Amino acid sequence: MARTSRGNGELVPGSAVNTARRCLARIGRSAGLRQWRVAVTGLVFLQTACAAFFAYEVFGPVLGLRTSPLGWGAHEMIEIGAAVGLVIGLFFGVGAIFYSNAKRREAEDKLAALSGAFGQLLEERFGEWGLTPAEHDVAYFLVKGSTTQEIAGYRGTSEGTVKAQTAAIYRKAGVSGRSQLVSLFIEDLMHVDLPGQVG
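Calculation notes
- Residues numbered from 1 in each chain as written.
- Predicted model: local features only at pLDDT ≥ 70, side-chain atom pairs only at ≥ 80, totals over all residues.
- Heavy atoms only, no water.
- Axes fitted to C-alpha atoms, helices over the stretch in contact; angles between N-to-C directions.
- Helix = DSSP H or I, 4+ residues; strand = E, 2+ residues; numbered from the N terminus.
- Parallel < 35°, antiparallel > 145°, perpendicular 65-115°, else oblique.
- Contact = heavy atoms within 4.5 Å.
- Nonpolar A, V, L, I, M, F, W, Y, C, P; charged D, E, K, R; others polar.
- Patch = residues over 30% accessible without salt bridge, like charges linked within 9 Å, V, L, I, M, F, W, Y side chains within 5 Å.
- Areas by Shrake-Rupley, 256 points an atom, 1.4 Å probe, with all protein chains shown as cover.
- Salt bridge = Lys/Arg side-chain N within 4 Å of Asp/Glu carboxyl O.
- Buried < 20%, exposed > 50% of the residue type's maximum accessible area, 1.4 Å probe, protein only.
- Phe/Tyr/Trp six-rings, centres within 6.5 Å; stacked < 30°, edge-to-face > 60°.
- Polar contact = N/O pair within 3.5 Å; in protein donor to acceptor, adjacent residues only side chain to side chain.
- Core = buried A, V, L, I, M, F, W, Y, C linked by side-chain atoms within 4.5 Å.
- Expected span 1.5 Å × (residues − 1).

1. Some points on the packing of helix H3 (residues 133-144) against helix H5 (residues 159-173)
Move 1: Direction vectors running N to C along H3 and H5 enclose 85°, while the axes themselves pass 9 Å from each other. In this view, H3 runs roughly perpendicular relative to H5, as classed from their interaxial angle. Residue-level inspection shows Ala134, Glu135, Val138, Ala139 and Leu142 of H3 in contact with H5, the latter providing Val162, Gln165, Thr166, Ala168, Ile169, Tyr170 and Lys172.
Move 2: The residue inventory of the contact of H3 with H5, partitioned by class, reads 8 nonpolar, 2 polar and 2 charged.

2. Notes on a nonpolar patch on the surface
Move 1: A surface patch of nonpolar side chains, about 440 Å² in accessible area, is lined by Val58, Phe59, Val62 and Leu63.
Move 2: Locating phenylalanine 59 in the fold gives a position in helix H1 (residues 15-63).
Move 3: Given a relative accessible area of 48%, phenylalanine 59 falls into the partly exposed group.

3. Points about the packing of aromatic side chains
Move 1: Applying the stated criterion to the full structure yields 5 aromatic pairs.
Move 2: Here phenylalanine 126 and phenylalanine 185 contribute two aromatic rings whose centre-to-centre distance is 6.1 Å and whose plane-to-plane angle is 85°, an arrangement assigned as edge-to-face. Within this pair, whereas phenylalanine 126 is found in helix H2 (residues 72-129), its partner phenylalanine 185 is found in helix H6 (residues 178-190), the two being separated by 59 residues in sequence. Here the two residues phenylalanine 126 and phenylalanine 185 agree in accessibility, since each one is buried.
Move 3: An angle of 65° between the planes, with centres 5.8 Å apart, marks the rings of tyrosine 140 and phenylalanine 141 as edge-to-face.
Move 4: Every member of this aromatic cluster is reached through a ring pair, and the members are Phe126, Trp129 and Phe185.

4. Here we look at the environment of glutamate 128
Move 1: Looking at the secondary structure, you find glutamate 128 in helix H2.
Move 2: Spatially, the C-alpha atoms of glutamate 128 and lysine 172 are 9.2 Å apart, while their sequence positions differ by 44 residues.
Move 3: One polar contact links glutamate 128 to arginine 125, side chain to side chain, over a distance of 2.9 Å.

5. Topic: the nonpolar core
Move 1: Ranked by size, the top nonpolar core spans 19 residues in total, and within it Phe126, Trp129, Leu142, Leu181 and Phe185 carry the most contacts.
Move 2: Breaking this core down by element, the ones donating at least two residues are H2, H3, helix H4 (148-155), H5 and H6.
Move 3: Per element, the largest residue contribution to this core is 5 residues, and it comes from H3.
Move 4: Leaving out residues up to four positions away in the same chain, leucine 142 has contacts with Ile151, Thr166, Ile169, Tyr170, Arg178 and Leu181.

6. Overview of the pattern of salt bridges
Move 1: All chains considered together, the criterion is met by 5 salt bridges.
Move 2: The partner of glutamate 108 in a salt bridge is arginine 104, with the nearest N and O atoms 3.2 Å apart. Of this pair, glutamate 108 and arginine 104 both sit in helix H2, 4 residues apart, which is roughly one turn of the helix.
Move 3: Relative accessible area serves as the criterion here: at 42%, arginine 104 is assigned to the partly exposed category.
Move 4: A salt bridge links glutamate 128 to arginine 125; the nearest nitrogen and oxygen atoms lie 2.9 Å apart.

7. What about H5?
Move 1: The terminal C-alpha atoms of H5, which comprises 15 residues, lie 21 Å apart, in line with the 21 Å expected from a rise of 1.5 Å per residue.
Move 2: Those residues of H5 lying buried are Val162, Gln165, Thr166, Ala168, Ile169, Tyr170 and Ala173.
Move 3: Directly beyond the C-terminal end of H5, a positive phi value near 75° is found at glycine 174.

Given below as structure tokens:
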């Protein structure tokens, strides 16, 4: 079922399909994350077991836990297991660093794209509503969360003028207040496809 993204109730074609695709993408990422957690849990278990065996071998005689040394075969198996665990841990550590850096860069790219998309949405809506240059500036400050007094100070006008311009903006946008005005852009922004995003 299509969702509305504008105050006039205009339907957004394909929004339900895009939402479904985004949900499937999230499920895929969640499955990959679960596999990663299982692998890390197994690695930690292996290294913990090897550490426990080494501790038992070293401190066992001291604490009186055992009186005879481990057999040659058991000792070799423990050392091999510890070496394998350390090597795998090294690869996992390097992989985790690369993965973390990649996710950080992805987040930064999406944030930059989101910022640009939001600015573009502002300009598109302001143009559709036919705002005057003065109303354009006031609307921008309204979306940013500035108060009437602050906007008057920024623009060097009286608060009465800003209030009149604000009322004109709400009327042209078909909303009754600032919260509804901001919600229009939030709804539109939810349907913007960012780089690397399914949909």
